[in-house]
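Structure at a glance
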Amino acid sequence: AAKESGRSTYRFYVPEMRLEAERRHMLTAELHEALLKGQFELHYQPIVQLDDDGLAGFEALIRWRHPVRGLVPPMEFIPIAEETGLIIQIGEWVLREACRAAAAWPNHLKIAVNLSVCQFRHNSLLATVVSALDETGLFPERLEIEITESVFLADVEQSLPLLRALKELRIRIAIDDFGTGYSSLSYLRAFAFDKIKLDRSFVSGIETDPGNLAIVRAVVGIGSGFNATTLAEGIETEEQLQKLRAEGFSEVQGFLLGRPMLQAEAQALIEGGASPLLVGARG
Ligand code: C2E
Ligand code: MG
Ligand code: MG
Ligand code: MG
């Protein structure tokens, strides 16, 4: 095919581009099928509140149970789902499924759901959220929506009214991966977020890197100034937990406290009644 190609500049990368396009095409078809066949599942990672070391709730994290490839992590299919628009349907499923699971838990437990910017930009979002709550009977106060700072990169005029509308439903709104985006901090003044989730990249070096400690402190300050809950993501060691507790974070999440787990395991954790801190320390 390269020989027939008239322009030499195309010669080398055309086949590669075609392969990539074919791969995407196949993946897209497979994702459609996955939706129809019910191959997606949610795993639930515990969130611990540090005032009493109790379970505050879970974050729902999607996985694709692929018949051949096994359990596929979100980073390997969410970006394609976003490009093809399939994220809208997948996101609807996630919302409904997460609300359904949480509705069976005790009322003090919350469920956090990740939203991609595409979902946030799509005009069906509000209706989708309302119907997920209606269908499952979950109190809106128990649903927390996680968005990233990228929501503010463009179109603040559209973002703010939508956030306010969600808030009017009494849903909680969290900023995910805080500190990794490119947006300015001014959006913090424009909207009263309920929670700030500090990205785990700032947690991982906290034992040794004074820069990370400075950022951690600034985030706790921002949280208390704006009356937002502060959560530190990606806690893997006892030392990190001690440091972040001492700095005044309200909540923590990470492998030390529990990995994302199946619904039945989450249920067992809830019924066991023990603090995930103790479970984590034992395991
Ligand atoms: P995220 O929302 O920041 O979720 C946290 C990610 O960090 C999860 O990866 C989780 O398994 C991982 N994690 C938690 N604790 C630790 C730890 O102590 N150490 C390390 N190394 N990692 C930890 P996961 O499940 O692979 O999800 C990756 C990202 O995919 C999520 O980041 C989120 O942005 C996206 N995602 C997941 N589920 C959904 C979904 O239902 N919808 C959308 N739109 N995005 C999703
Ligand atoms: Mg998240
Ligand atoms: Mg995060
Ligand atoms: Mg993330």
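Residues numbered from 1 in each chain as written. Chains lettered and ligands numbered in written order. Predicted model: local features only at pLDDT ≥ 70, side-chain atom pairs only at ≥ 80, totals over all residues. Heavy atoms only, no water.

1. Topic: the overall build of the protein chain
Spelled out, the test is: Secondary structure elements are taken from DSSP: a helix is a run of H or I of four residues or more, a strand is a run of E of two residues or more, and numbering for both begins at the N terminus. Note on method: radius of gyration uses C-alpha positions; expected globular size equals 2.2 Å times residues raised to 0.38. Every residue pair with non-hydrogen atoms within 4.5 Å of one another is taken to be in contact.
Check the secondary structure of the protein chain and you find 13 helices and nine strands. A compact globule built from 283 residues would reach a C-alpha radius of gyration of about 19 Å, and the protein chain, at 21 Å, matches this within 12%. If one aligns the C-alpha atoms of the protein chain with their principal axes, the spans along those axes are about 70 × 45 × 45 Å. Contacts in the protein chain between residues at least 24 apart in sequence constitute 67% of all its contacts with a sequence separation of at least 6.

2. Concerning the nonpolar core
General note: in soluble globular proteins, nonpolar side chains tend to be found buried as a group. Heads up, the rule is: Nonpolar core, defined: a set of buried Ala, Val, Leu, Ile, Met, Phe, Trp, Tyr and Cys residues in which side-chain atoms within 4.5 Å join the residues together. Only protein chains enter the accessibility calculation, which uses a 1.4 Å probe; a residue whose area is less than 20% of its type maximum is buried, one above 50% is exposed, and one in between is partly exposed.
By size, the foremost hydrophobic cluster in this structure holds 79 residues, and its most contacted members are Ile111, Leu143 and Phe193. For Ile111, the residues in contact, after removing those within four places along its chain, are Tyr44, Phe58, Ala60, Ala98, Ala102, Trp105, Leu138, Arg142, Leu143 and Glu144.

3. Considerations on the packing of aromatic side chains
Just so we agree on the cut-off: Two rings from Phe, Tyr or Trp (for Trp, the six-membered ring) form a pair when their centres sit within 6.5 Å of each other. Planes less than 30 degrees apart are called stacked, planes more than 60 degrees apart edge-to-face, and all others tilted. By definition, being over a ring means that NZ of Lys or CZ of Arg is both within 6 Å of the ring centre and within 35 degrees of the ring normal.
By the definition in use, this model includes ten aromatic pairs. Their ring planes at 85° and their centres at 5.6 Å tell us that Tyr44 and Trp105 sit as a pair that is edge-to-face. Taken together, the residues Tyr44 in strand β1 (residues 40-49) and Trp105 in the loop between α4 (87-103) and β4 (110-114) connect sequence positions 61 residues apart. The exposure class assigned to Trp105 is buried, which follows from its relative accessible area of 3%. Where Trp64 meets Phe77, the ring centres are 5.7 Å apart and the plane angle is 80°; that geometry is what we call edge-to-face. Highlighted residues: Trp64 in strand β2 (residues 54-66) and Phe77 in the loop between β3 (70-72) and α3 (78-84), separated in sequence by 13 residues. With a relative accessible area of 1%, Trp64 lands in the buried category. Relative accessible area serves as the criterion here: at 0%, Phe77 is assigned to the buried category. Aromatic ring contacts, followed pair by pair, group Phe40, Trp64, Phe77 and Trp93 into a single cluster. For Arg69, the ring lying beneath its charged end belongs to Trp64, and the centroid distance is 5.5 Å. The ring of Phe255 has Arg259 sitting right over it, with the charged end atom 3.8 Å from the ring centre.

4. A look at the packing of α4 against helix α6 (residues 125-136)
Note the following rule: Axis angles are defined between N-to-C directions and span 0 to 180 degrees, where every axis is a line fitted to C-alpha atoms and, for a helix, only to the segment in contact. The cut-offs work like this: below 35 degrees is roughly parallel, past 145 is roughly antiparallel, 65 to 115 is roughly perpendicular, and the gaps in between are oblique. The hand of a helix crossing depends on one turn: near helix anticlockwise from the far one by less than a right angle means left-handed, and clockwise means right-handed. Each residue receives one of three labels: charged for Asp, Glu, Lys and Arg, nonpolar for Ala, Val, Leu, Ile, Met, Phe, Trp, Tyr, Cys and Pro, and polar for the others, Gly being one of them.
Following both chains from N to C, one finds α4 and α6 inclined at 30°, their axes separated by 9 Å at the closest point. Between α4 and α6, the interaxial angle falls into the category roughly parallel. As α4 runs across α6, the sense of the crossing is right-handed. Listed contacts from α6 to Glu92, Leu95, Arg96, Cys99, Arg100 and Ala103 of α4 are Thr128, Val129, Ala132, Leu133, Glu135 and Thr136. Classifying every residue of the contact of α4 with α6 gives six nonpolar, two polar and four charged.

5. Some details on the coordination of the magnesium ion (ligand 2)
Basically, it comes down to this: Because water is not among the atoms used, a metal site may look incomplete, as its donors are only the N, O and S atoms within 2.8 Å, or 3.2 Å for Na, K and Ca.
With distances of 2.0 to 2.2 Å, the protein atoms coordinating the magnesium ion (ligand 2) are Glu59 (OE), Asn114 (OD1), Glu146 (OE) and Asp176 (OD). Written as a sequence motif, the donor residues of the magnesium ion (ligand 2) are E-x54-N-x31-E-x29-D. Separating the magnesium ion (ligand 2) from the magnesium ion (ligand 3) is a gap of 3.9 Å, bridged by Asp176, which donates to each. A residue pair is termed long-range when its members are at least 10 positions apart, and Glu59 in strand β2 and Asp176 in strand β6 (residues 172-178) qualify at 117 residues. Asp176 shares its class with Glu59; the two are buried.

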